[in-house]
Amino acid sequence: MITIYHNPRCSKSRETLALAEQYCNEHKIKLEVIDYQKTPLTLAQLKTLHSQLGGPVSAMVRDNEAEYAELNLVQADDAALLQALAAHPKLLQRPVVTYQDRAVIARPPGVFNELLDT
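Residues numbered from 1 in each chain as written. Predicted model: local features only at pLDDT ≥ 70, side-chain atom pairs only at ≥ 80, totals over all residues. Heavy atoms only, no water.

**A few points about unusual backbone geometry**
Inference 1: Cis geometry is found at the peptide bond from Arg94 to Pro95, where omega equals -15 degrees.
Inference 2: One can find Pro95 in the loop between α4 (78-87) and β3 (96-99).
Inference 3: At Lys28, a position not held by glycine, the phi torsion is positive, near 55 degrees.
Inference 4: Its location among the elements puts Lys28 in the loop between α1 (11-27) and β2 (31-35).
Inference 5: In this model, Gln100 sits at a positive phi of 50 degrees, which is unusual for a non-glycine residue.
Inference 6: Within the fold, Gln100 resides in the loop between β3 and β4 (102-105). (Helix = DSSP H or I, 4+ residues; strand = E, 2+ residues; numbered from the N terminus.)

Right, dumping it as C-alpha cells:
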C-alpha cells in the first residue's frame, strides 16, 4: 500500500497525488490518502515517519510558516520539532509519501518516483 499525507490546497501535493493514483491503478496497489491537517499525525506516527524518511527532523518541518517563527523553532531539538509537528500539523512538509517502510517528501512531485525505484 502507498500512503500519501496530503494537503488538497497544495499544488505539489495534488500533482503527487495524481502520480500516486496513476501508479496505484497501473500496479493494482491500494492507495491511502490522509489529509494530515484534518487527521493530524500522532507523535508516535511522526517518529515512525521520521525513521522512514531518514535525515534530520528539521527536513520534515515547513520553516516558512508563521507558526515556525511564533514557536521559536529555529534552534529546537528533534523532540521539540516532533512535538510542534504533532501540535501544529500545518508545519509538516508536504506531501509525504510512504511505501514499503520508506518515505519521501515529494517536493518536487517527481521525487515520488525515487520511492518506487527501490
